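Commentary on secondary and tertiary structure
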Amino acid sequence: MPEANQSGGRSGACTAVVGLQWGDEGKGKVVDLLAESHDATVRYNGGANAGHSVVVKGERYALHLIPSGILAKGKAAVVGNGVVVDPEKLIEEMAGLERRGVDVSGLIISDRAHVVLDYHKIEDGLREDILTAAKSDKVSSGPGQIGTTRRGIGPAYADKVNRATALRMGDLLRPEIVRERIAMACRLKNAMFKGLSPTIEPLDERGITERAIECGRRLAPNIRDTAYLLHDLLAQGKRLLFEGANATLLDVDHGTYPFVTSSSCAVSGIGPGTGVPPSKLSRVIGVAKAYSTRVGAGPMPTELFDAVGEGIRTRGREFGTTTGRPRRVGWLDLVALRYSAMINGASEIALTLLDVLPGVERPRVCVAYRIGDEKSERFIPDGERLAKVEPNYHELDAIEPGLSECRTFADLPPNARRYVEFVERFVGVPITIIGVGPGREQSLIREHW
Ligand code: GDP
Ligand code: IMO
Ligand code: MG
């Protein structure tokens, strides 16, 4: 198959990169591949719960709030209004990159992105602890804890929707507003926290306020109206690259609810999360691993609990970029993948970490779910019902070793190629990028079929 250039050789303004599973599919690496052929990279959802690893010339970078495109010299990296920003974490991340010689002057943050503060993280932790206790006390037979990253994501989005006590990045530039909103928030949160945990200390309102004002002062040069900025870029014929955080099966509407995150991770989040309408997208690249992983609680029908899973975890270095937690591992779930491709209107798929599968004697992929006597090829975006399905598998031949040295699709040995082609046929979307290692050069680029 002929090789395409890295922009895919196609015209059109915008590309979206979005996770098709439960996160950590290698979105950061795909964004890094495409950033050079776009003018700006834009995050539209999530917050510091994301952890995107990019390996450039053997150096590993972990991005959490800053778009991975920051590593492409001279390009804008935009944090859209749909992101919830922990400003101290952001400043830390900027400093960490600068220490390693990365130019962060292209970072622009929406004045409408919401702010994550101490009390959001405390609330996130308290809720998780109470849910765990309720489950172990048998007060609830329900879901128990979600296994969040405890980065304050859910409470920050909840406050955004609750309105009166929320702060946006633009508000940080106005100390009067910061004082007022944090005072109101502390009044509400103190009452709530005391009810949840009677021995808890009251919030340090003054400290939180001063730190927020200081963050505003430091970030002032980066804070702007990004909706106008992005539309100005589009009017100049510039190309935007949207970087999804988290993933479709964690999407608050389309994921395995309630075991999801609190934002719209699928492509549908781009409109509300940036102000750029979906009509501007010409390419939607869904990123999927050649197997499944999940961090935190919630159903994963193809989960492996044996030595095969352990081997994949070790070879794939499946430990969280953000929390260091071991990731749960399972076979590739094609029922879920076809669903996610549908929800996103994926025009192509990047299949990553194929190099991790050699070593597995009989690789399997899930092609249907069994629920009682019924068989279905439809995904069930409901945490409790999905937990009850039994996967039906198709077995493939063992994939040959040595994939990491391949540089084109034709270099792949036959069973590896057959694995890719099976996935492609089942999902009905072309696989245009194949990952055979974490490095930039370890991506096999294929032309559209
Ligand atoms: P993201 O959250 O979707 O950006 O993914 P993460 O960065 O959290 O996790 C993906 C991990 O796999 C990172 O450590 C990447 O360096 C690594 N990675 C990405 N693509 C490949 C690949 O094709 N092969 C291997 N072996 N590692 C990869
Ligand atoms: P990237 O962008 C993997 C999971 C958490 C938890 C659930 C809710 O690196 O792919 P939250 O803190 O968001 O309220 O947690 O969502 N989660 C992720 N899992 N990768 C991510 O991001 C994730 N972001 C959230 O583990 O189960
Ligand atoms: Mg990740």
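Source: prediction; values computed, not measured.

Considering the sheet that holds strand S1 (residues 14-19)
Sheet architecture is open: ten strands sit in the order S9-S7-S5-S2-S10-S1-S11-S15-S19-S20, paired in mixed fashion. Edge positions in the sheet fall to strand S9 (223-224) and strand S20 (443-445), since each has one partner strand and no second. The pairing of strand S2 (residues 40-43) with strand S10 (residues 240-243) spans four bridges and is classified as parallel. The partner of alanine 40 across the bridge, within S10, is leucine 240.

Some words on the site of ligand 2
Near ligand 2 you find 20 residues, and of these Lys27, His52, Thr149, Asn246 and Thr261 are the closest. Here an oxygen atom of ligand 2 and a side-chain polar atom of asparagine 49 are 2.8 Å apart. In the complex, the protein chains occlude 97% of the 550 Å² of accessible area that ligand 2 would expose alone. Partitioned by chemical class, the residues of the shell around ligand 2 number seven nonpolar, ten polar and three charged. Two domains each donate at least three residues to the shell around ligand 2, and these are domain 1 (14-109 + 225-445) and domain 2 (114-222).

Quick notes on the site of ligand 1
Inspection of the region around ligand 1 gives 19 residues, with Gly26, Lys27, Gly51, Ser53 and Asp355 positioned closest. Contacts to ligand 1 include glutamate 25, whose backbone N or O atom sits 3.0 Å from an oxygen atom. The fraction of the free accessible surface of ligand 1 (580 Å²) that becomes covered by protein chains is 95%. Structurally, ligand 1 is housed in the second largest pocket. At the level of secondary structure, the elements contributing two or more residues to the shell around ligand 1 comprise helix H1 (27-35) and strand S3 (52-56). With three residues, the single largest contributor to the shell around ligand 1 is H1. Of the residues that constitute the shell around ligand 1, the class distribution is three nonpolar, nine polar and seven charged.

Examining empty space enclosed by the protein
A full pass over the atoms with the stated rule returns four cavities of 30 Å³ or more. In terms of lining, the largest cavity is formed by Asp86, Pro87, Glu88, Val116, Leu117, Asp118, Lys121, Ile208, Arg211, Ala212 and Cys215. Those elements that provide at least two residues to the lining of the largest cavity are helix H2 (87-99), helix H3 (118-136) and helix H6 (205-219). Per-class residue counts for the lining of the largest cavity are six nonpolar, no polar and five charged. Two domains share the lining of the largest cavity, each providing at least three of its residues, namely domain 1 (14-109 + 225-445) and domain 2 (114-222).

Focus: the domain arrangement of the protein chain
Along its sequence, the protein chain is organised into domain 1 (14-109 + 225-445) and domain 2 (114-222). Computed from C-alpha coordinates alone, the two centres of domain 1 and domain 2 are separated by 28 Å. Between domain 1 and domain 2, the contact holds 32 residues from the first and 23 residues from the second. Buried area between domain 1 and domain 2, summed over both chains or domains, comes out near 2,300 Å², and the portion from carbon and sulfur atoms is 60%. At the junction of domain 1 with domain 2, the criterion picks out two salt bridges. When the shortest N-O distance is used, the salt bridge between glutamate 88 and arginine 211 registers 2.8 Å. Here domain 1 is connected to domain 2 by eleven residue pairs in polar contact (both at pLDDT 80 or more). When contributions to the side of domain 1 that touches domain 2 are tallied by element, the ones reaching two or more residues are strand S6 (84-85), H2 and strand S7 (107-110). Per element, the largest residue contribution to the side of domain 1 that touches domain 2 is six residues, and it comes from H2.

The rules we used
Residues numbered from 1 in each chain as written. Chains lettered and ligands numbered in written order. Predicted model: local features only at pLDDT ≥ 70, side-chain atom pairs only at ≥ 80, totals over all residues. Heavy atoms only, no water. Pairing = 2+ DSSP bridges. Helix = DSSP H or I, 4+ residues; strand = E, 2+ residues; numbered from the N terminus. Near = heavy atom within 4 Å. Polar contact = N/O pair within 3.5 Å; in protein donor to acceptor, adjacent residues only side chain to side chain. Areas by Shrake-Rupley, 256 points an atom, 1.4 Å probe, with all protein chains shown as cover. Nonpolar A, V, L, I, M, F, W, Y, C, P; charged D, E, K, R; others polar. Domains from an automatic or database assignment. 1 Å grid on protein atoms, 1.4 Å probe; cavity = no way out; pocket = protein on both sides within 12 Å on 5 of 7 lines; lining within 4 Å. Sits in = over half its atoms within 2 Å of the grid points. Points joined across faces, edges and corners; volume = space filled by probe spheres on them. Contact = heavy atoms within 4.5 Å. Buried area = accessible area lost by both parts, 1.4 Å probe. Salt bridge = Lys/Arg side-chain N within 4 Å of Asp/Glu carboxyl O.

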